[in-house]
Amino acid sequence: MSKFLEVDSLNVYYGGIHALQDVSLYIDEGEIVSVVGANGAGKSTLLRAIAGDKAIKSGTVTFCGERLPHTAYETMAKGISLVPEGRRIFPNLTVKENLIVSTFSRKDPKESIERDFEEVLALFPRLRERLKQRGGTLSGGEQQMLAVGRALMAHPKLLCMDEPSLGLAPIIVDELFEKILQLNRERGQTIMIVEQNAFLALEVANRAYVIKTGSITREGTGAALLNDPSIQQEYLGIQ
Ligand code: ATP
């Protein structure tokens, strides 16, 4: 049986920079899978390549048994939503408009879109209080919640998150990761997270991969990697 998501021998370049080198990984339905690594290891590139936002030189991405097209719009229509690094919400649109924007390509009935809207507001009550506020005036944490809410409004089969903790206060990061776990637990949402904050990313992950200068160097359960002395030393600041 084919995997939910399967990335096979992916190679991606920026000009002469070989940013991803034969990267292979998989995700099963219902899992949280994290990819951790240092600055410039290739984490964003990996997510962008999966989401059709960066051209692939060679290799394949197969999703639900189908080889993915390499354009962002088509990939989203197939059920993969990306919460990009730096959130990229629309600053001049209201919170409600930001959420509705990603439903334009949906072809299912209005009622299911309304149901998802209510679910997003139930998950992030702060957004309900601010539906008419412009996105650009939200705090960093609220903007991250809006970016996640916007991705969920596309009703994705796979939610990909690029560096969700970036620029957020620790207490807000904890709150956000709690929501990520809740989404997975209560909705069965499959989630892929790439993160520099290896501790949190490994803590919430069923399975995880370590990426170093464009190559996958380790894989295992989140718990096994968290307890591994070499990972602790290199990525968790534990000596
Ligand atoms: P960070 O945690 O700092 O965001 P990352 O692991 O997400 O890092 P990438 O952004 O995927 O890393 O970058 C991987 C490599 O590709 C780096 O060497 C980076 O300099 C290079 N790179 C990324 N984007 C571009 C680009 N648009 N043009 C040229 N090189 C790029």
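It should be noted that the structure appears before, not after, this text.
Predicted model only: the values in this text are computed from it and were never measured.

Our next topic: the pairing of strand S4 (residues 58-63). The side chains of a regular strand alternate between the sheet's two faces. One ladder, built from five bridges, connects strand S1 (residues 5-14) with S4; its direction is antiparallel. Residue pairing for S4: Asp-8 is matched across the bridge by Thr-60. The pairing of S4 with strand S5 (residues 66-67) spans two bridges and is classified as antiparallel. Note that in S5 the partner of Phe-63 across the bridge is Glu-66. Hairpin connection from S4 to S5: two residues lie between these consecutive antiparallel strands, with Cys-64 at a positive phi of about 50 degrees.

Side chains of nonpolar character tend, in soluble globular proteins, to be buried together. Counting 33 residues, the largest nonpolar core has Leu-99, Val-148, Leu-159, Met-161, Ile-180, Ile-191 and Ile-193 as its most contacted members. Sorting the residues of this core by element identifies helix H3 (95-101), helix H4 (110-123), helix H6 (140-152), strand S7 (158-162), helix H7 (170-187), strand S8 (190-195) and helix H8 (198-204) as the ones contributing at least two each. It is H6 that provides the largest number of residues to this core, a total of six residues. Counting the residues that make up this core, at least three belong to each of domain 1 (1-79 + 160-169 + 180-236) and domain 2 (80-155). Excluding anything up to four places from it in sequence, Leu-99 contacts Phe-117, Val-120, Leu-121, Leu-131, Leu-146, Gly-149, Arg-150 and Met-153.

In total, this model carries one aromatic pair according to the counting rule given. Centre to centre, the rings of Phe-4 and Phe-63 are 5.1 Å apart; their planes meet at 70 degrees, and the pair counts as edge-to-face. You can see Phe-4 sitting in the segment before S1 and its partner Phe-63 sitting in strand S4, a full 59 residues away along the chain. Neither Phe-4 nor Phe-63 differs from the other in exposure class; each is buried. The ring of Tyr-26 has Lys-3 sitting right over it, with the charged end atom 4.2 Å from the ring centre. Sitting over the ring of Tyr-26, Arg-207 keeps its end group 3.9 Å from the ring centre.

What follows covers H7. For an α-helix the count is 3.6 residues per turn, leaving residues at separations of three or four pointing the same way. End to end, H7 covers 25 Å across 18 residues, agreeing with the expected 26 Å (1.5 Å per residue, within 8%). What H7 keeps buried is the set Val-173, Leu-176, Phe-177, Lys-179, Ile-180, Leu-183 and Asn-184. Projected down its long axis, H7 carries its buried residues within an arc of 150 degrees, all on one side. Turned more than 90 degrees from where H7 packs its buried face, Ile-171, Arg-185 and Glu-186 sit exposed. Two residues or fewer after H7 comes Gly-188, characterised by a positive phi angle close to 70 degrees.

Thresholds, definitions, all that
Residues numbered from 1 in each chain as written. Predicted model: local features only at pLDDT ≥ 70, side-chain atom pairs only at ≥ 80, totals over all residues. Heavy atoms only, no water. Pairing = 2+ DSSP bridges. Helix = DSSP H or I, 4+ residues; strand = E, 2+ residues; numbered from the N terminus. Core = buried A, V, L, I, M, F, W, Y, C linked by side-chain atoms within 4.5 Å. Buried < 20%, exposed > 50% of the residue type's maximum accessible area, 1.4 Å probe, protein only. Domains from an automatic or database assignment. Contact = heavy atoms within 4.5 Å. Phe/Tyr/Trp six-rings, centres within 6.5 Å; stacked < 30°, edge-to-face > 60°. Lys NZ or Arg CZ within 6 Å of the ring centre and 35° of its normal. Expected span 1.5 Å × (residues − 1). Arc of directions from axis to C-beta.

Purely spatial values, then, with no claim about function.
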